[in-house]
Structures are given as C-alpha cells and as structure tokens.
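What follows is the residue order along each chain.
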Amino acid sequence: MSRTGPYRWMILLLGTYVVICYGFVFQTIPPILASLIEDLSLSHTKAAALMGSFAIPAIFVAIPAGFLVDRFGAKVVGISGLLVFATGSSIVATGGDYTTQLLGRVVSGTGAVVLLVFIPGMIAHWFKDAELGVAIGVFNAAVPIGTVCAMMGLGVLGASHGWNTVLTVSAAVSVSALVVFLLFYRAPDGEVDGNKSLKYSELKSHLHSSGRKIWWLGIGWAVFGAGYFQFFTFAFEYFVAEGFTVQKAGLYASGPMLSGMLTGPAVGWLLDRYGRGWVFLLSGHVGLILTLGLIPLVVENPFALTLVIGVLASIVSTVALALPPVIMPAHTLGFGYGLLAAMLGLGNFLGATSLGLLRDLTGIAGSVFVGAAVISLLAIPVTLALRNPETNTE
C-alpha cells in the first residue's frame, strides 16, 4: 500500500478511532466525580487525582516511548501500548476502592501515553507528502468525539446504573481499540516500520538534533494541559452544582468538544495554506485566557461560551500536533511526539491537583476556571519564542 494511495485514509480512520477510545476512557471520571466523592468519601483533591494520575506516566514514559517508536515502529509499540491501556482500564473497572482505581488509572495512563506518541507520528508518516494539516485536523477531532460521548452518555448511565457500570463500559471501549488496531494497521509498502539500527545510547543525540523549537512547543502544550484540559475535570460537577440537570451539565461540559471536532479540519486546511503556526497558537491561547475566566460569570446559558472555548482550543491543538514534522528532523519525529505527550501529562497532573486544591481551599466551584485562565497566561511568552528565526520556525 503506497503512502500516497487510498489506504492512508484508512490509517487516518484507525488512528482517529483509537484516540476516540483514549478520550472516552480519559474522561470517564468527571461524569461520576460527585458519586465517587460521596460513595468513597473523597476530597476534591483526591478525586481530581484520579484524572491527574492518568497523566502521570506521560511525564516519565513518553520520551522513551517516542524513541522506541523511532526504533521498533508503530506496530510493535502500538500493540504493546494498547495491551497496557486495556489492562489498566480493566483494573479500574474491577477495583471497588480508591487505591485500586488509582493504580488502574496509572496503568491505563501508561498505555495511553504510548497511543499519544505513536498515533500522531503514524498519521504524519502516511501524510507527510501531502494534506498533513487536513489529516491532523481530522485526527484532532478524536479526543473531542471521545469526550463528548463520555460527558453526554456516562453521566446518565452512572445516574441510572451506578459508577461501576460506567467503569465497565470504559474498560470495554479500551479493549475495542486493541482489536481494531490488530485488524487494520499496515505499514506503507516497501518501507521498514522503525529503524532497529538506532541504539538507546543515541537518545541523547535525539535531544540535541531535534532542535529547540520542539521544547518551546512542549512547554506551551503543558500549559494547555494544565489550563484548558481542566475544564473537563471540573465542568460537569460545576454545572450540576449550579442547578442544571445531569443532561444539561453533560451538554455544557461537552460544549468545547462539540465545536472543536468540527473546526479542527478547517484549522488544518488554513495551516496548510498559510503556515505561520505560531500566530494561530498565540490567538488560540489568548482567546482561552479570556473565555475560561468568564465561565463563572455566565450563569444563565453558558453553552455558547463553551462552544467558543472549543473553537479556540481546536486552533491550539491542531497546530501543536501538526508542527513537529515541520520544525524538527524526520528521524526524531517519535521523540518529538513523545516530548509533547510528556509535557501534556505533566501539565495535566499539575493542573488537576493544583486546581482541585484551590477548589477545596476556596469552597467556590467556579474558582477552578479562574485558576485555569491564570495558568494559561504562561502560554503567551513560550508561544512568542516559537517565532524566533534561530529556532527554525517556518
């Protein structure tokens, strides 16, 4: 199968489905957060740690995983990661206490890290000759779709059948990702999947040859995880506390993903046509700073605001995932996506725990969104650093 042939669109669908499953499993906790707090007698800090713990492995595993993708290829690393992902989700589903669920989230998060490293690189490899921005834009709808399904479906399911049922469904979804990957993954004809001549001692050279720009992009990605991503940790509980029904809370908490899944391909097309990714990034980050802080002030009908937040976040995420093939050498691409996954994990963990602590200390549900906006301010200077010509921007 040629890299320019029609099967590349099957690869795009495959990668998109796997990451839809990731988004669904990642967002399993927020719709049942209030039930877990009540049934297991948890503080908001400990409950939020179930979200943050999913991201912890990325801090330690993502960069080595990226190097392993460069060395062994997507098939070997992908199957291994999906096995770990499904195993961790099963531990969460069968564990009836907080400690076991925390352990399972860490295990599942370890596998999820691998997905976030090899899937974007796999798609970039198949589409590097043409339409990369559009492909990444389509792929970027995966997490929004998974999140929307979780937010809009699992809250209702948890209310009617309990949080144990929700965790069981989440485990089944993770297993389906492994099955689909085994059935449909292929490498391009005539191309070796990975480069087994790479030695682990060469990891240091990857750090140097990848360039400085990927590090600036990674720091901005961490801030994105610490700020915007925490909307989904706390939004469902916040809207329920504000008096909205479970159904409306799920809709409002899914708002950013509903609009984001539609705007990603358009952003990718604009990036392909005009370039200058740092300008798109800066506009997205500035918009998120303004809109996240407005959430506690828009009480009557916050849905429109959440849709705007989704458009802005889609700009940031589409551009950030499309830039590595442009700003770094091709042979270090696995490392580049590994770095982004590590930084996102670090941002997610620090954001979830710090904002959970802020919620406990203030007792004000809306304080987490103001805190997220303040954190997001850090994205401005690092995004401006991406325009430095010495870091090979365009």
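Note: the structure precedes this text.
Quick caveat, the model's predicted, so the values are computed rather than measured.

**Student:** Hey, could you go over the packing of helix 3 (residues 44-72) against helix 5 (residues 98-127) for me, with residue numbers and the actual values?
**Tutor:** Any two packed helices are characterised by how steeply their axes cross, that is the angle between the axes, and by the distance between the axes. Axis separation between helix 3 and helix 5 bottoms out at 6 Å; the angle between their running directions is 35°. Here helix 3 and helix 5 pass one another in a crossing that is right-handed. Class assignment for the residues of the contact of helix 3 with helix 5 results in 18 nonpolar, six polar and two charged.

**Student:** Lay out the packing of aromatic side chains with the relevant residues and their values.
**Tutor:** Tallied over the full model, the rule gives 17 aromatic pairs. Note on Phe224 and Phe229: the rings are 5.6 Å apart at their centroids and 75° apart in plane angle, and the pair reads as edge-to-face. The exposure class of Phe224 is buried, given its relative accessible area of 3%. Take Phe229: its relative accessible area is 9%, and that puts it in the buried class. Taken together, a centroid distance of 5.3 Å and an interplanar angle of 90° make the contact between Tyr228 and Phe232 edge-to-face. In this structure Tyr228 comes out as buried when scored by relative accessible area, which is 4%. Across the ring face of Tyr98, the terminal group of Lys46 is positioned such that the distance to the ring centre comes to 4.8 Å.

**Student:** Got a sec to walk through the environment of Gln247? Specific residues and values, please.
**Tutor:** On the secondary structure map, Gln247 appears in helix 12 (residues 246-274). Owing to a relative accessible area of 51%, Gln247 belongs among the exposed residues under this scheme. Each C-alpha atom, one on Gln247 and one on Phe236, is 9.9 Å from the other, the two residues being eleven residues apart in sequence.

**Student:** Which residues make up the nonpolar core, and what are the values?
**Tutor:** Ranked by internal contacts, the top residues of the largest apolar core, which has 126 residues, are Phe118, Met122, Ile123, Leu217 and Tyr228. For this core, the element with the most residues is helix 5, which contributes 13 residues.

**Student:** Now, about the side chain of Ser376: what can you tell me, with residues and values included?
**Tutor:** Here Ser376 lies in helix 17 (residues 367-376). You can call Ser376 buried: its relative accessible area is 6%. Polar contacts involving the side chain of Ser376 include one to the main-chain carbonyl oxygen of Ala372, which spans 2.8 Å. Contact partners of Ser376, with chain neighbours within four places excluded, come to Val223, Gly227, Tyr228, Ile289 and Leu292.

Definitions and cut-offs
- Sequence order sets the numbering: in each chain, residues are counted from 1 along the sequence as written.
- Reporting of local features is limited, given that this is a predicted model, to residues whose pLDDT is at least 70; pairs of side-chain atoms are given and counted only at 80 or more, and all residues count toward the totals for whole chains, interfaces and linings.
- In computing side-chain values, all of the structure's heavy atoms are included and hydrogens and water are not.
- Interaxial angle, 0 to 180 degrees, is taken between N-to-C directions of lines fitted to C-alpha atoms, where a helix line uses only the stretch in contact.
- To qualify as a helix, a DSSP run of H or I must reach at least 4 residues; to qualify as a strand, a run of E must reach at least 2; elements of each kind are numbered from the N terminus.
- Crossings are classed by handedness, with left-handed meaning an anticlockwise turn of the near helix from the far one by less than a right angle and right-handed meaning a clockwise turn.
- Classes in brief: Ala, Val, Leu, Ile, Met, Phe, Trp, Tyr, Cys and Pro nonpolar; Asp, Glu, Lys and Arg charged; the others, Gly included, polar.
- Here the aromatic set is Phe, Tyr and Trp, taking the six-membered ring for Trp, and pairing holds for ring centres within 6.5 Å; pairs whose planes are under 30 degrees apart are stacked, those over 60 apart are edge-to-face, and all others are tilted.
- Think of it in three bands: residues with accessible area under 20% of the maximum for their type are buried, residues over 50% are exposed, and the middle band is partly exposed, with areas taken using a 1.4 Å probe on protein chains only.
- As a reminder, the over-ring test applies to NZ of lysine and CZ of arginine, requiring each to be within 6 Å of the ring centre and within 35 degrees of the ring normal.
- Only buried residues count toward a nonpolar core. Its members are Ala, Val, Leu, Ile, Met, Phe, Trp, Tyr and Cys residues joined through side-chain atoms within 4.5 Å.
- N or O atoms within 3.5 Å of each other form a polar contact, as long as, within protein, one can give a hydrogen and the other can take it, and as long as residues adjacent in sequence are counted only when both atoms are side-chain atoms.
- Should any heavy atoms of two residues lie within 4.5 Å, those residues are counted as being in contact.

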